[in-house]
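# Analysis of the macromolecular model
Each chain, written out:
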Amino acid sequence: MNRAREASSEIRSVEDLSKLDSPVHGLSPLSKLLLTIVFIATVASFNKYDIVGLFAMILVPLLGYMISGIPVSTCFRKLKVVLPIVLLVGIVNPFLDREIMFSIGSFRVSYGIVSMVTLMLKGMYSLMASFLLVATMPIDDLCKSLRKIHMPKIIVSLLLLTYRYVSMFLDEVATMTESYSLRAPGQNGIAFRSWGSFLGQLIIRSMNKADRNYGSMILRGFNGEFYYCDRVFSKLSWLWIPILIAACVLMRIFNVPALLGSLFVR
Amino acid sequence: MHMADALLSPAVAGTMYVASAAVAGLSVYKLKKEEKLTSEPTFKRLPTMAVMSALVFAGQMINYTIPGTGSSGHICGGMLLTALLGPYAGFLSMITVLLIQCLFFADGGLMALGSNIWNMAFYGCFVGYFLIYRPIMKTKINTKIKLILASILGCVITLQMGAFSVVLETSLSGITELPFKSFVMLMQPIHLAIGLIEGLATSAVLVFVHSTSPDLIKGVDNGESKKSSLKVTIAVLLACVIVIGGGFSLLASGNPDGLEWALFGNTEYSESRTNMGLDEEDYGTSSSVADKAGSIQEKTSFLPDYAFSSDSENPLGTTVSGVVGSAIVAVIAIGICFAGGFFRKKTKKNA
């Protein structure tokens, strides 16, 4: 499939997920945003060799996925594109940090291998958390909440409008590249000669479209402020979030798996 | 160029968030000021800005053939936006592009967003506009040549700065073991190539737009019809080659030592196994958290057998209990999966 069309359908699929109804979807977007940022910061602050302590952190996003009814596999389908990038940077660690940490039988595990795995886990957790945030938060709700905390009007409106235009443009680009490739069989990408006119055409067309859009917005009474639908968010938001944040911090301070293990092993 | 969360420590990510937010605040302020001066409401430009950022977003999906290599690349868009919208509006548009990429495509982490905005939008829009684009557009050579020059120089230089920032931020976070010098040597040449390609693409687009509707491009004096002189053009191109070539070699050989010194200056207890040597234990917030953890542990003495201090030296510590504990966590995780399903069904019934 065309890359642009793929991206456009991906946006729509995420938007569909965000329209589901679950306790997680009902939480206020701001509280979810705060929790996600705290979670990612906690995950990132783990020592690069503290693989056991980090392991327990998976419980938080997992809980979110299960309550919201979004399959974890949906998130992993996204991971397959991004994880190699994280892997590529961590992959040198085993070669540069060869000091042996411990050995399982004859297999010696170096500090480098442990830090590589930790890095991968950190990347995976952060991605799981941010995907969960987006998949449970429609863009309208996000913009409304951003306005509530006095984010400048121009940034919020720009975000909303851009988001609306993106899928339209992706379709436009898909059509253009498809017709181009049909006329240039066996060619990888757009030829050097056509770079300017290709993107230039798109720009001119979009500028005109923007003018027309603006005209119709004015006719409908637009004066710089968007109106967002009035959804009532769960009052529990501000009760649940502190509990979860405290859980994150406690898991960072105490090595939970080791504590649990020491209950059973002397 | 999009950084992932796992590459950054919270301290570095937070600092970059603050820096980017400050520049965003400045941009909003400047746009408001412009609004007062021109008495044209900012929201009138909103659709254009949104369309342009959507276009940059979509433009990144188009892969261009890179001549002679058989591979292809895509544009980044900072210079393009700044030339069409100006630096302030361009910066805000780039923020929304990066935000949407981060949120909906997991391209770049949420915590790393501040760094990504700084690396890709700040240099492209501000450095690119004020130090490269505007001075070049003020010269009196042919507009077409000015546009080509400004976009190629702008893209190459700002991308080099962005790539260098990526290296710097990663090194300061101390998460990868990659030595600073080799990371720089890896990043800069690659982005030199990417910058050149992006510069060519941007210039092609700007020249096309200029030929069809010149009033769309910032800083172009439409009345001028001065013929370009071959001598001036060649001289400027030569200067570019010297700046790019010379600047790059300086960056590769000179800067790292100074920075390495700075890095080591921060670490008092570093065991310095590698060149970079910044350990997270020695760095910023983590050390105090670890210390606190130790002291809390001593006071509560929940499990006296379990020594926290030895654990921080060797995080796997009492390995067996670690393994057993991990297994328990795994069981809890599986439990959550089932409980989650149960919870969901219950809420459906309630609804």
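All residue numbers here refer to positions counted from 1 along the written sequence of the relevant chain. Written order decides the labels, with chains lettered from A and ligands numbered from 1. Restriction of local features to residues with pLDDT of at least 70 applies here, the model being predicted, together with a cutoff of 80 or more for giving and counting side-chain atom pairs; totals for whole chains, interfaces and linings are based on all residues. Side-chain numbers come from the whole structure's heavy atoms, not from hydrogens or water.

## Here we look at the overall build of chain B
- Secondary structure is summarised from DSSP: a helix means a run of H or I of at least four residues, a strand means a run of E of at least two, and numbering begins at the N terminus for each. A tally of regular secondary structure across chain B gives 12 helices and 2 strands.
- What you see in chain B, going N to C, is helices and strands ordered as α-α-β-β-α-α-α-α-α-α-α-α-α-α.
- Long-range pairs, those at least 24 residues apart, make up 71% of the contacts in chain B between residues at least 6 apart in sequence.
- About 15400 Å² of surface is accessible on chain B, with carbon and sulfur atoms providing 66% of the total. Contacts are assigned to residue pairs that have any heavy atoms within 4.5 Å of one another. Only the protein chains shown count as covering a residue, and every accessible area follows the Shrake-Rupley method with a 1.4 Å probe.

## Quick word on the layout of surface pockets
- By volume, the second largest pocket amounts to about 690 Å³.
- Whether a set of points on the 1 Å grid over the protein atoms alone is a cavity depends on a 1.4 Å probe fitting there but being unable to get out, while an open set qualifies as a pocket with protein on both sides within 12 Å along at least five of seven lines; lining residues are those with an atom within 4 Å of a point. As for the second largest pocket, its lining consists of 29 residues, of which L146 and M151 of chain A together with Y17, L99 and L113 of chain B are closest to the centre.
- Counting only elements with at least two residues in the lining of the second largest pocket, the list comes to α3 (29–45), α9 (139–148) and α10 (153–183) of chain A together with α1 (10–38), α4 (87–105) and α5 (113–138) of chain B.
- Here the element with the most residues in the lining of the second largest pocket is α1 of chain B; it accounts for 8 residues.
- Throughout, the ten residues Ala, Val, Leu, Ile, Met, Phe, Trp, Tyr, Cys and Pro are labelled nonpolar, Asp, Glu, Lys and Arg are labelled charged, and all others, Gly among them, are labelled polar. Looking at side-chain class alone, the lining of the second largest pocket contains 24 nonpolar, 5 polar and no charged residues. Grid points are joined across faces, edges and corners, and a volume is the space filled by probe spheres set on the points.

## Overview of the pairing of strand β1 (residues 100–104) of chain A
Residues and elements named next belong to chain A.
- Bridge count for β1 against strand β2 (residues 107–110) is 4 bridges, and the pairing is antiparallel. Within β2, the position partnered with S103 by the bridge is R108.
- Taken together, β1 and the strand that follows it, β2, pair antiparallel across an intervening segment of 2 residues, in which G105 is found at a positive phi of about 60°. One requirement defines pairing of two strands: DSSP has to find at least two bridges between them.

## Re helix α3 (residues 78–85) of chain B
- Relative accessibility decides the category of a residue: with a 1.4 Å probe and only protein chains considered, values under 20% of the type maximum give buried, values over 50% give exposed, and everything between is partly exposed. Counting buried residues in α3 of chain B gives 8 out of 8 residues, a clear majority hidden from the surface.
- G78, M79, L80, L81, T82, A83, L84 and L85 of chain B are the residues of α3 of chain B that are buried.
- Buried residues belonging to α3 of chain B abut α11 (195–219) of chain A together with α2 (46–59), α4, α5, α6 (143–173) and α7 (180–212) of chain B.
- Following α3 of chain B by one or two positions, G86 of chain B has its phi on the positive side, about 90°.

## Topic: the packing of α11 of chain A against α7 of chain B
- One can describe the packing of α11 of chain A onto α7 of chain B by two numbers: an axis separation of 8 Å at closest approach and a directional angle of 55°. As summarised for this structure, α11 of chain A and α7 of chain B are arranged oblique, according to the angle between their axes. α11 of chain A and α7 of chain B meet at a crossing whose hand is right-handed. Along its contact with α11 of chain A, which presents W195, G196, S197, L199, G200, Q201, I203 and I204 of chain A, the element α7 of chain B presents I197, L200, A201, A204, V205, F208, V209 and T212 of chain B.
- Looking at side-chain class alone, the contact of α11 of chain A with α7 of chain B contains 11 nonpolar, 5 polar and no charged residues. Structural elements are reduced to axes, namely lines fitted to C-alpha atoms, with helices fitted over the stretch in contact, and the angle between N-to-C directions of any two is expressed from 0 to 180 degrees. Just so you know how the angles are binned, under 35 degrees is roughly parallel, over 145 roughly antiparallel, 65 to 115 roughly perpendicular, and the rest oblique. Handedness of a crossing follows from how the near helix is turned relative to the far one, being left-handed for an anticlockwise turn of less than a right angle and right-handed for a clockwise one.

## Overview of α9 of chain A
- Extensive coverage of α9 of chain A is indicated by the burial of 7 of its 10 residues.
- Turning to α9 of chain A, its buried residues number three or more, namely I139, D141, L142, C143, K144, S145 and L146 of chain A.
- Buried residues in α9 of chain A make contact with α3 and α10 of chain A together with α4 of chain B.
- Directly after α9 of chain A, the chain includes H150 of chain A, whose backbone phi takes a positive value near 65°.

## As for the packing of α3 of chain B against α5 of chain B
All names here are of chain B.
- One way to put it is that α3 packs onto α5 with a least axis distance of 8 Å and a crossing angle of 65°. For the crossing formed where α3 meets α5, the hand is right-handed. Where α3 abuts α5, its residues G78, M79, T82 and A83 lie against G124, C125, G128, Y129 and Y133.
- In terms of residue class, the contact of α3 with α5 is made up of 5 nonpolar, 4 polar and no charged.

## Some points on the pattern of salt bridges
Residue and element names in this part refer to chain A.
- Only one rule defines a salt bridge in this text: a Lys or Arg side-chain nitrogen within 4 Å of an Asp or Glu carboxyl oxygen. The tally for this structure, following the rule as stated, stands at 3 salt bridges over all chains.
- Here E15 and R164 are joined by a salt bridge, their closest N and O atoms 3.6 Å apart. Taken together, the residues span a long stretch of sequence, with E15 in helix α1 (residues 3–18) and R164 in helix α10 at a distance of 149 residues.
- We classify E15 as buried; its relative accessible area is 19%.

## A word on the environment of R108 of chain A
Residue and element names in this part refer to chain A.
- By the secondary structure assignment, R108 is in strand β2.
- Residue class for R108 comes out exposed when judged on its relative accessible area of 60%.
- Sequence separation between R108 and R98 is 10 residues; the distance between their C-alpha atoms is 9.9 Å.
- Apart from the residues within four sequence positions on either side, R108 is in contact with I100, F102, S103 and I113.

## What to know about unusual backbone geometry
- The phi dihedral of H150 of chain A is positive, around 65°, even though this residue is not glycine.
- Along the chain, the position of H150 of chain A falls in the loop between α9 and α10.

## Details of the confidence of the model for chain A
- Residues of chain A with pLDDT of at least 70 account for 95%, and the chain-wide mean is 81.
- Per residue, pLDDT captures the predictor's confidence, and it can take any value from 0 to 100. Mean pLDDT across the elements of chain A bottoms out in helix α6 (residues 72–90) of chain A (73) and peaks in helix α5 (residues 59–68) of chain A (89).

## Details of the environment of F122 of chain B
All names here are of chain B.
- Its place among the elements puts F122 in helix α5.
- By relative accessible area, which is 17% here, F122 ends up buried.
- For the pair F122 and Y88, spaced 34 residues apart in sequence, the C-alpha separation works out to 9.9 Å.
- Ignoring sequence-local partners within four residues, the contact set of F122 consists of V23, F91, I117 and V127.

## Concerning a nonpolar patch on the surface
Residue and element names in this part refer to chain A.
- Residues L236, L239, W240 and I243 make up a contiguous nonpolar surface patch of about 410 Å² in total accessible area.
- Within the fold, W240 resides in helix α12 (residues 237–253).
- Residue W240 is classed as partly exposed on the basis of its relative accessible area of 44%. Distance thresholds for patches are 9 Å for like charges and 5 Å for nonpolar side chains (Val, Leu, Ile, Met, Phe, Trp, Tyr), applied to residues having over 30% relative accessible area and no salt bridge.

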